[in-house]
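The primary structure of each chain is shown beneath.
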Amino acid sequence: MSEDLEDIKVDLQSRSILPSKEITLRPRASKHGTRPISSSSSSSASSASTVDASTTDPLSQNLHLPGLASIYLKTFGCAHNISDSEYMLGLLSTYGYNIVSHPSDADCYVINSCTVKDPSQAAFINVVREAQSKNIPVVVCGCVPQADRKVKGLENVSTIGVMQIDKIVDAVTESLQGNTVRYLSLRSGLPSLHLPKIRRNPYIEIIPLSTGCLGNCTYCKTKHARGTLGSYPISEILKRAQSAIKEGVMEIWLSSEDTGAYGIDINTSLSTLLQRLTREVVTVETGVMLRIGMTNPPYILDQLSSVSKIMNLPQVFSFLHVPVQSGSDNVLVGEGGMNREYTRRDFEKVCDELIKSVPDITIATDIICGFPNEKEDDFKQTMSLMEKYRFHICNISQFYPRPGTVAARMKRIDTKIVKGRSREFSTLFNSFKPYKKYVSTTQTVFFGLESDNTKTMSVGHLKNYTKVLVPIDLELRGCKAEVEIEKGERFHISGKVVPNSVVRLVALPKEDSEEKKETETEENCDEQNYKVVESCVGDGCGETGCSSKGEEKKEECCGTGDCQSVEKVEEEKVDTSDTSSFTDVKFMVAVTLPAVAGLSLVIYAIVKSLKRR
């Protein structure tokens, strides 16, 4: 294979299709990885030059051809970020790039970043440095470059903002030529929901309902990146859900920085969307389950009755993530506080109504310990709130000052005090035994692709999303079954499947999809396999180094933040308002290796020429 590729390279160079300079080609990755054909590489992240993406002449560059170059993508952050990564993988794969699961096999890194907290940002910067130390090109996407274009460590890497995910093919192609491009403008219009997609988990479709939020929290930087609320039309969301069901998904997750605020900007509401979605698309007959994403209290208060009715439907998980952050009004809305736009009583009203109206509901929440204006009495009020509701799931975080936010200018509490409060709160939370009530009962369990870290237990979920472990059985994937519960642990229950109770809901996935899912789960934050006290189940997760052994904590932000204006950056001089026809041209790649090598470059050059016109 190595000799064949080298012969092709020499032949193309002799016909002036390829430059005569050194070029690195990689064969497609197999299950056992790949080997570079040439050990030399002409592109270096440290020496890359910044160019206008529309004026680069690919014929004069050292090229990694589509179909031969291998891309490694790592995602930090929330369900919205995961969805963005899935779209980018779909675009790259459809164009011809080879997607690999291990960085050692990659010709280019794509990193989708999270700006929620310092640890998540530091973690992704370390990945950038790792690639640069190997002279591997890097494309950084997501909230960090969008929120702060002067982040140290991103000076010589290509960047893509949250509204420009459809530019990923251009960014990767240019980066592989040694160029640095930036696509960061907050252009009008939302990214399409109907781009090609490769799901991290073939059974789970994540649909972003909107981007941005209406809040102005003093501590969170997400709004700097995602901007103010922009909602997708209901018709587009229904269409995306229909496509996903046809493709064999088992769960549909509705993701947003604040699902409760959905539709306010387009004169509709979350309740209206859910009613239509469950009536017209995600019906009982499909066998697909719907999960509603994180909502902040203010915009769900007036929809509690209708949302409760929806969560009582058999095809909707009775689970809702409602971050409170503090049990003290002084911290929530007081002077020098979070500016959360709701009181403790508002949050309690949400919890009380949901608990009353939705039997056995799981309410997950978040707590920030040590906010700058938090006094000892404020902390005790937060403790009392946890004691009152004894939440099964809580993402516990110490306060992190994010650069550019209002809270970053506030005087911080002594670190020892903050850590002490965090430990005290965690001790209380860990003392709860919420799942003992299920022992000796029989429960309906939905099984996806998950297994425990030892690969000896299949993992499913109750309707309220409680995690259930049973002895491993790959035939359970895509099924529901009755399970006799034998044990109730702190963060899950376990038991055995009742004979003859298994009902298949969706088809088994392709084996290559299952293999891909397992390798990606090892690299990315996976809330379903995450075994820590503060288990992540929300949409605003800022990955801080997930550990299946529970060695590190995963922490989360509300998903809203203090809004600041974002400077405009000059973009490529190309009209991209309609990318469908351009994408169709790019995706016409021949099936044979010589044709791929020759035609890919020719098509790329033609498309670039047409775009310049």
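Residues numbered from 1 in each chain as written. Predicted model: local features only at pLDDT ≥ 70, side-chain atom pairs only at ≥ 80, totals over all residues. Heavy atoms only, no water.

### Remarks on the packing of helix α2 (residues 79–95) against helix α5 (residues 168–176)
Just so we agree on the cut-off: Here an axis means a line fitted to C-alpha atoms, over the contact stretch when the element is a helix, while the angle between two N-to-C directions is reported on a 0 to 180 degree scale. By the criteria applied, helices consist of DSSP H or I runs no shorter than four residues and strands consist of E runs no shorter than two, each listed in order from the N terminus. Crossing handedness is defined as follows: a turn of the near helix away from the far one that is anticlockwise and smaller than a right angle gives a left-handed crossing, while the clockwise case is right-handed. Note on definitions: a residue-residue contact is assigned when non-hydrogen atoms from the two residues lie within 4.5 Å. Residues are grouped as follows: nonpolar covers Ala, Val, Leu, Ile, Met, Phe, Trp, Tyr, Cys and Pro; charged covers Asp, Glu, Lys and Arg; every other residue, Gly included, is treated as polar.
Two elements in contact, α2 and α5, have axes whose closest approach is 9 Å; the angle formed by their N-to-C orientations is 60°. Crossing angle aside, the handedness with which α2 passes α5 is right-handed. Taken together, the residues of α5 that come into contact with α2 (itself represented by M88, L91, L92 and Y95) are I168, V169, V172 and T173. Within the contact of α2 with α5, the residues separate by chemical class into seven nonpolar, one polar and no charged.

### Notes on the pattern of salt bridges
Which entries qualify depends on this criterion: Put simply, a salt bridge is a Lys or Arg side-chain nitrogen that is within 4 Å of an Asp or Glu carboxyl oxygen. Here's how the labels work: a residue is buried when its accessible area is under 20% of the maximum for its type, exposed when over 50%, partly exposed in between, all with a 1.4 Å probe on protein chains only.
Taken as a whole and judged by the stated rule, the model has 20 salt bridges. We note a salt bridge from E280 to R276, for which the minimum N-O separation is 2.9 Å. One end of the pair, E280, and the other, R276, are both in helix α8 (residues 270–281), four residues apart, so they sit about a helical turn from each other. For E280, a relative accessible area of 38% puts it in the partly exposed group. You can call R276 partly exposed: its relative accessible area is 30%. Two residues, E348 and R345, come together in a salt bridge whose shortest N-O distance is 3.6 Å. In this pair, E348 and R345 both sit in helix α11 (residues 344–357), three residues apart, roughly one turn of the helix. Because the salt bridges share partners, they merge into one network encompassing E86, K197, R199, E205, R240 and E247.

### Things to note about the packing of aromatic side chains
Heads up, the rule is: Two aromatic rings, drawn from Phe, Tyr or Trp (for Trp, its six-membered ring), form a pair once their centres lie within 6.5 Å of each other, and the interplanar angle then sorts them: stacked below 30 degrees, edge-to-face above 60, tilted otherwise. Cation placement over rings: the criterion is NZ of Lys or CZ of Arg within 6 Å of the ring centroid and within 35° of the ring normal.
This model, assessed by the stated rule, comprises twelve aromatic pairs. On the basis of an interplanar angle of 45° and a centroid distance of 5.7 Å, the ring pair of Y95 and Y97 is categorised as tilted. Of the residues examined, Y95 reaches a relative accessible area of 2% and is grouped as buried. By relative accessible area, Y97 is classed as buried at 2%. Residues F317 and F446 carry aromatic rings whose centres are separated by 6.1 Å and whose planes lie at 85° to one another, so their mutual orientation is edge-to-face. Placement of F317 in the loop between α9 (304–311) and β14 (319–321) and of F446 in strand β17 (residues 442–451) is noted, with a sequence separation of 129 residues between them. Judged on exposure class, the residue F317 and its partner F446 are both buried. The rings of F317, F319, F446 and Y465 are connected pair by pair, giving a single aromatic cluster. Positioned above the aromatic ring of F76, the side-chain terminus of K74 is 5.1 Å from the ring centre. For K197, the ring lying beneath its charged end belongs to Y87, and the centroid distance is 4.5 Å.

### Quick notes on the sheet that holds strand β3 (residues 98–100)
Cut-off, in case you're wondering: At least two bridges found by DSSP between two strands are what make those strands a pair.
Here we have six strands laid out as an open sheet, ordered β3-β2-β4-β5-β6-β8, and parallel in their pairing. In this open sheet, the two strands that pair with only one neighbour each are β3 and β8 (182–183). Where α2 meets the sheet, it contacts β2 (70–75), β3, β4 (108–113) and β5 (138–142), and its direction lies at approximately 175° from that of β2. Its contacts with the sheet put α5 on β2, β4, β5, β6 (158–160) and β8, and the angle it makes with β5 is roughly 155°.

### Quick word on the sheet that holds strand β15 (residues 362–369)
Pairing in this open sheet of three strands is parallel, and the strands run β14-β15-β16 from one edge to the other. Each edge of the open sheet carries a strand with a single partner, namely β14 and β16 (393–398). Here the average twist between neighbouring strands, direction ignored, is 15°. Where β14 meets β15, three bridges bridge the pair, whose relative direction is parallel. Note that in β15 the partner of L320 across the bridge is I363.

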